[in-house]
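So the chains spell out like this:
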Amino acid sequence: MSRYAIVSTVFLVILLGSLSLDGVFNISLYWYIGLLLVYLSMNVYGAVVLSAQYFLRTRCSGSQSVSSIAITFDDGPVPGMTEKILDILKQHEIPAAFFCIGHRIKENPKLLRRLHDEGHLIGNHSYSHKNTFDFLSATGVVKELAETNTIIHECVGVTPRFFRPPYGVTNPMIAKAVARLNLTVVGWSIRSFDTISKDKKKLFNRVTQSLRGGDVILFHDYCDVTISILPDVIAHASKLGLKIVRVDTLLNEKAYG
Ligand SMILES: [Zn+2]
């Protein structure tokens, strides 16, 4: 049973209990408004905080007892940018995970092949990555994810089991789709905010200030600022004695079906 189902059941029980006692105690309207606001707030929090595991099981970090971390990149492949990330990873012999967008793979299949050939993990990050993704029905979400997996399979011969929801937002429709396709939702424990960060130093500090074993870092492979700090982040992890591994190794989960 998901946390959403538990919270909804408790909310309904309290609501029905209040209504049944209303005749005796004349319960204030403010009580009902407050109850509804608490329920809605919990749902909003659960939708935007992936690690809350509110609608579905998510994997956001590995065990803190390990001395390894994983680096992940979202939203590619982006020609002219992803290659620069790949060159840095190759130079340092570091494996990473790339959560790719279906339509971008279709436009850049060679780049996906390079990702795969160089030993990086490929995950599903939806087909369109539109900001209306979270309003799709469960069938609509299944279509997006299945289409992306088909493109990846046609391109490199593997079918991803890892899915990262666009914007990190989840809801009951996404939970249904993920269950239907038997996917694992992979989040992060360190969000770099590299898409809005302009300052190299601030970005580096945000990523490294509490870096420890088990962490999963979220970057995007189309940001200049990410490309500029990546070698320093790799060096910093090494200085801390942290080995950078693929996220499937860190989470001990199968990456492909
Ligand atoms: Zn994204």
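Residues numbered from 1 in each chain as written. Predicted model: local features only at pLDDT ≥ 70, side-chain atom pairs only at ≥ 80, totals over all residues.

Overview of the overall build of the protein chain
Inclusion rule: Under the DSSP-based scheme used, a helix requires at least four consecutive residues in state H or I and a strand at least two consecutive residues in state E, with every element numbered from the N terminus. Buried, partly exposed and exposed are defined by the number of other C-beta atoms within 10 Å of a residue's own C-beta, namely 20 or more, between the two limits, and 12 or fewer respectively, with C-beta atoms placed from the backbone. Here, residues touch in the contact sense if the C-beta positions derived from the backbone fall within 7 Å of one another.
If you tally the helices and strands in the protein chain, you get ten helices and nine strands. The principal-axis extents of the C-alpha atoms in the protein chain amount to approximately 75 × 40 × 35 Å. Here the protein chain holds 257 residues, and the buried ones make up 39% of them. Residue pairs at least 24 apart in sequence account for 78% of intrachain contacts in the protein chain once pairs closer than 6 positions are excluded.

Side note on the nonpolar core
Put simply, the rule reads: By our criterion, buried Ala, Val, Leu, Ile, Met, Phe, Trp, Tyr and Cys residues that link up through C-beta atoms within 7 Å make up a nonpolar core.
In terms of nonpolar packing, the biggest core is built from 62 residues, with Ala70, Phe98, Val178, Ile217 and Val247 touching the most fellow members. Filtering out sequence-adjacent residues up to four positions away, valine 247 remains in contact with Ala70, Thr72, Ala97, Leu121, Val186 and Val216.

What about helix α9 (residues 224-239)?
Quick reminder of the rule: A helix is expected to span 1.5 Å for every residue after the first. Each residue is assigned a bend, namely the angle between axes fitted to the seven residues that terminate at it and the seven residues that start at it.
With 16 residues, α9 extends 24 Å from end C-alpha to end C-alpha; this agrees with the ideal 22 Å at 1.5 Å per step. In the structure, α9 departs most strongly from a straight axis at leucine 230, where the bend amounts to approximately 40° and where the proline proline 231 lies between one and four residues downstream. Inspection of α9 places Val225, Thr226, Ile229, Leu230, Val233 and Ala237 among the buried residues, and these make up the whole buried set. At its buried positions, α9 is contacted by β2 (68-74), α3 (82-92), α8 (200-208), β8 (216-220) and β9 (243-244). A positive phi of about 80° marks glycine 241, the residue just after α9.

Notes on the domain arrangement of the protein chain
Defined as follows: Where each domain starts and ends comes from a domain assignment, either automatic or drawn from a database.
Along its sequence, the protein chain is carved into domain 1 (3-48) and domain 2 (59-251). Just the C-alpha atoms count here: the centres of domain 1 and domain 2 sit 37 Å apart.

Details of the packing of α3 against α9
Just so we agree on the cut-off: Axis angles are defined between N-to-C directions and span 0 to 180 degrees, where every axis is a line fitted to C-alpha atoms and, for a helix, only to the segment in contact. Note that the term roughly parallel is reserved for angles under 35 degrees, roughly antiparallel for angles over 145, roughly perpendicular for angles of 65 to 115, and oblique for everything else. Each crossing gets its handedness from the near helix: less than a right angle anticlockwise from the far helix is left-handed, clockwise is right-handed. Three residue categories are used. Nonpolar comprises Ala, Val, Leu, Ile, Met, Phe, Trp, Tyr, Cys and Pro, charged comprises Asp, Glu, Lys and Arg, and polar comprises the others, including Gly.
As a packed pair, α3 and α9 sit with axes 10 Å apart at the nearest point and diverge in direction by 20°. By the angle between their directions, the pair α3 and α9 is classed as roughly parallel. The handedness of the crossing between α3 and α9 is right-handed. Here Lys84, Ile85, Ile88 and His92 of α3 lie close against α9, whose contacting residues are Ile227, Leu230, Pro231 and Ile234. Looking at the contact of α3 with α9 residue by residue, the classes come out as six nonpolar, one polar and one charged.

Some details on the pairing of strand β4 (residues 121-124)
Our working definition: By this definition, two strands are paired if DSSP reports at least two bridges between them.
In β4, alternate side chains face the same way, and those of Leu121 and Gly123 on one face and Ile122 and Asn124 on the other are all buried. By the bridge criterion, four bridges tie strand β3 (residues 97-100) to β4 in an arrangement that is parallel. Each bridged residue has a counterpart across the sheet, and for phenylalanine 99 the counterpart in β4 is glycine 123.

Focus on the environment of isoleucine 94
For isoleucine 94, the location among the structural elements is in the loop between α3 and β3. A count of 21 C-beta atoms within 10 Å places isoleucine 94 in the buried class. C-alpha of isoleucine 94 to C-alpha of isoleucine 71: the two residues are 23 residues apart in sequence and 9.1 Å apart in space. Excluding residues within four positions of it along the chain, isoleucine 94 makes contact with Leu89, Ile234 and Ile244.

As for the environment of proline 79
Turning to its location among the elements, proline 79 is positioned in the loop between β2 and α3. Accessibility expressed as a C-beta count within 10 Å gives 13 for proline 79, which makes it partly exposed. The spatial distance from the C-alpha of proline 79 to the C-alpha of asparagine 108 is 7.2 Å, given a sequence separation of 29 residues. When residues no more than four places from it in sequence are discounted, the contact partners of proline 79 are Asn108 and Leu111.

Some points on unusual backbone geometry
Cis geometry marks the peptide bond from glycine 76 to proline 77, where omega comes out at 0°. One non-glycine residue, glutamate 93, lies in the positive phi region at around 55°. Along the chain, the position of glutamate 93 falls in the loop between α3 and β3. The backbone of asparagine 252 sits at a positive phi, close to 55°, despite the residue not being glycine. In this structure, asparagine 252 sits in the segment after α10 (247-251).

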